[in-house]
Amino acid sequence: MEKDAKIYIAGHRGMVGSAIHRKLQEKGFTNFVLKTSKELDLRNQQAVADFFENEKPEYVFLAAAKVGGIIANNTYRAVFLYENLSIQNNVIHSSFVNKVKKLMFLGSSCIYPKLAPQPLKEEYLLTGLLEETNEPYAIAKIAGIKMCESYRKQYGCDFISVMPTNLYGPNDNYDLQKSHVMPAMIRKFHEAKLAGNEAVTLWGTGSPMREFLHADDLAEACVFLMENYSEEEFINVGTGTDVTIKELAETVKKVVGFTGELIWDTAKPDGTPRKLMDVSKLHAKGWKHTIALEQGIALAYQDFLVHHDTLRL
């Protein structure tokens, strides 16, 4: 990417989009076209078509999506499927029509089959059944991957897809009804500490294993791949290491400074037993993460204290 190239980041105020924006600014890029969801509804086909025709961005990072944790995914199944398909369809197609030089589509590790072999290799896509609780969201993301592949095959578009593992960091969502496991734990432990509670109850058994990548590391990988990767197959982005949810809880508890007990509500679902990304392809390209998990949780907690605690969500 040229330093003065016009770059559109769809979803620039979300956790991923804002991290990409910060990283690009750090690297000297200055020509951004940014629109909030109020200024541009990406679900609106005509609005997106008009935006691309008027602005003519040269590079596109498609980081906008309707996202959430187990509760949100399972409750708003139609919304997650419809809105994500709409966003992807509109942005990818308008990028083709307006001759965008390169587009990056951001997916999710939930695209993989629930019981796929571990670690998850790119070729395991569509080899088994998906996790039921987030199937609509996963199907939307798979459709996005296939759109990028298909536009590349039919029209020669330089559209690539990257599949991040579980993410956390600045601008995360701390709403307990819609958040992912890491921000939910940070908020729960923080509020329990302030209230002087003796225990915190968490979902499931604590046995599932998850991999976590800081949003700033993902942003670094995205910029790296935008400049160094141009293949039909999508590529995993992660750390290549995972922890149990119980281990994660103990680490968050330590960072936040909560001294009470952990209670596991085993009547609640665990979700997928394990999701560890195989990142050998990414490592072979020359990129590895740099932010260790406990360090990253400490950074996330500081962001929560500065930007979210005063809101009393």
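Calculation notes
Residues numbered from 1 in each chain as written. Predicted model: local features only at pLDDT ≥ 70, side-chain atom pairs only at ≥ 80, totals over all residues. Heavy atoms only, no water. UniProt positions renumbered as here; feature names shortened; annotations may be inferred. Helix = DSSP H or I, 4+ residues; strand = E, 2+ residues; numbered from the N terminus. Buried < 20%, exposed > 50% of the residue type's maximum accessible area, 1.4 Å probe, protein only. Contact = heavy atoms within 4.5 Å. Phe/Tyr/Trp six-rings, centres within 6.5 Å; stacked < 30°, edge-to-face > 60°. Lys NZ or Arg CZ within 6 Å of the ring centre and 35° of its normal. Core = buried A, V, L, I, M, F, W, Y, C linked by side-chain atoms within 4.5 Å. Pairing = 2+ DSSP bridges. Right-handed = clockwise from strand over helix to strand, strands pointing away. Expected span 1.5 Å × (residues − 1). Axes fitted to C-alpha atoms, helices over the stretch in contact; angles between N-to-C directions.

Overview of the UniProt feature "binding site: substrate" (unreviewed entry) in the protein
Residues given the UniProt feature "binding site: substrate" (unreviewed entry) here are K188, W203, R210 and D270. Secondary-structure assignment places K188 in helix α6 (residues 181-195). On the accessibility criterion, K188 (27% relative accessible area) is partly exposed. Beyond its immediate chain neighbours, meaning those up to four positions away, K188 contacts L176, V200, T201 and L202. Within the fold, D270 resides in the loop between β12 (261-265) and β13 (274-275). Excluding residues that lie within four positions of it along the chain, D270 makes contacts with I70, G204, T205, G206, S207, P208 and R210.

Regarding the environment of Q45
Within the fold, Q45 resides in helix α2 (residues 45-55). For Q45, a relative accessible area of 58% translates into the label exposed. Each C-alpha atom, one on Q45 and one on F234, is 25 Å from the other, the two residues being 189 residues apart in sequence.

Focus on the packing of aromatic side chains
The full count for this structure, using the stated rule, is 12 aromatic pairs. Between Y151 and Y155 the ring centres are 5.5 Å apart and the planes differ by 55°, which places this aromatic pair in the tilted class. In this pair, Y151 and Y155 are both assigned in helix α5 (residues 135-155), four residues apart and thus about one turn of the helix distant. The exposure class of Y151 is buried, given its relative accessible area of 14%. Since its relative accessible area comes to 42%, Y155 is described here as partly exposed. Each member of the aromatic cluster is reached from another via a ring pair, and the members are F96, Y151, Y155 and F159. Positioned over the ring face of F29 is K3, at 4.7 Å from the centre of the ring.

Some words on the nonpolar core
Counting 74 residues, the largest nonpolar core has L24 and F61 as its most contacted members. Look past the residues within four positions of L24 in its chain and what remains in contact with it is M1, I7, I9, F29, F32, F61 and V223.

Thoughts on the sheet that holds β13
Pairing is mixed in the open sheet, where three strands are placed in the order β11-β8-β13. Taken across any chain shown, the strands that pair with only one partner, and hence form the sheet edges, are β11 (243-244) and β13. In this sheet, β13 lies alongside strand β8 (residues 209-210) in parallel orientation, the contact comprising two bridges. Bridging across to β13, M209 finds its partner in R274.

Concerning the pairing of strand β1 (residues 7-10)
Side-chain alternation along β1 places I7 and I9 on one buried face and Y8 and A10 on a second face that is also buried. Pairing analysis gives two bridges linking β1 to strand β2 (residues 32-33), with the strands arranged parallel. Looking at the pairing, Y8 lines up with V33 of β2. The handedness of the β1 to β2 crossover, carried by helix α1 (residues 15-26), is right-handed. As judged from the four bridges shared by β1 and strand β3 (residues 59-62), these two strands associate in the parallel manner.

Quick word on α6
The terminal C-alpha atoms of α6, which comprises 15 residues, lie 21 Å apart, in line with the 21 Å expected from a rise of 1.5 Å per residue. Contacts from the buried residues of α6 go to β6 (166-168), β7 (199-203), β9 (212-214), α8 (245-256), β12 and α10 (293-307). Just downstream of α6 lies G196, where phi reads positive at about 75°.

Observations regarding the pairing of β3
The alternating pattern of β3 places Y59 and F61 on one face and V60 and L62 on the opposite face, and all of these are buried. As judged from the four bridges shared by β3 and strand β4 (residues 102-106), these two strands associate in the parallel manner. The partner of Y59 across the bridge, within β4, is K102.

Some remarks on the environment of R13
Structurally, the position occupied by R13 is in the loop between β1 and α1. Separated by 23 residues in sequence, R13 and T36 place their C-alpha atoms 7.4 Å apart. With residues up to four places along the chain from it excluded, the contact list for R13 reads S18, T36 and N171.

Here we look at the sheet that holds β2
Reading across the sheet, the six strands line up as β2-β1-β3-β4-β5-β10 and stay open at both edges, with parallel pairing between neighbours. In the strand order of this sheet, the two ends are held by β2 and β10 (235-237), each with one partner. Those strands touched by helix α7 (residues 215-228) are β3, β4, β5 (159-164) and β10, and its axis lies near 145° from that of β4.

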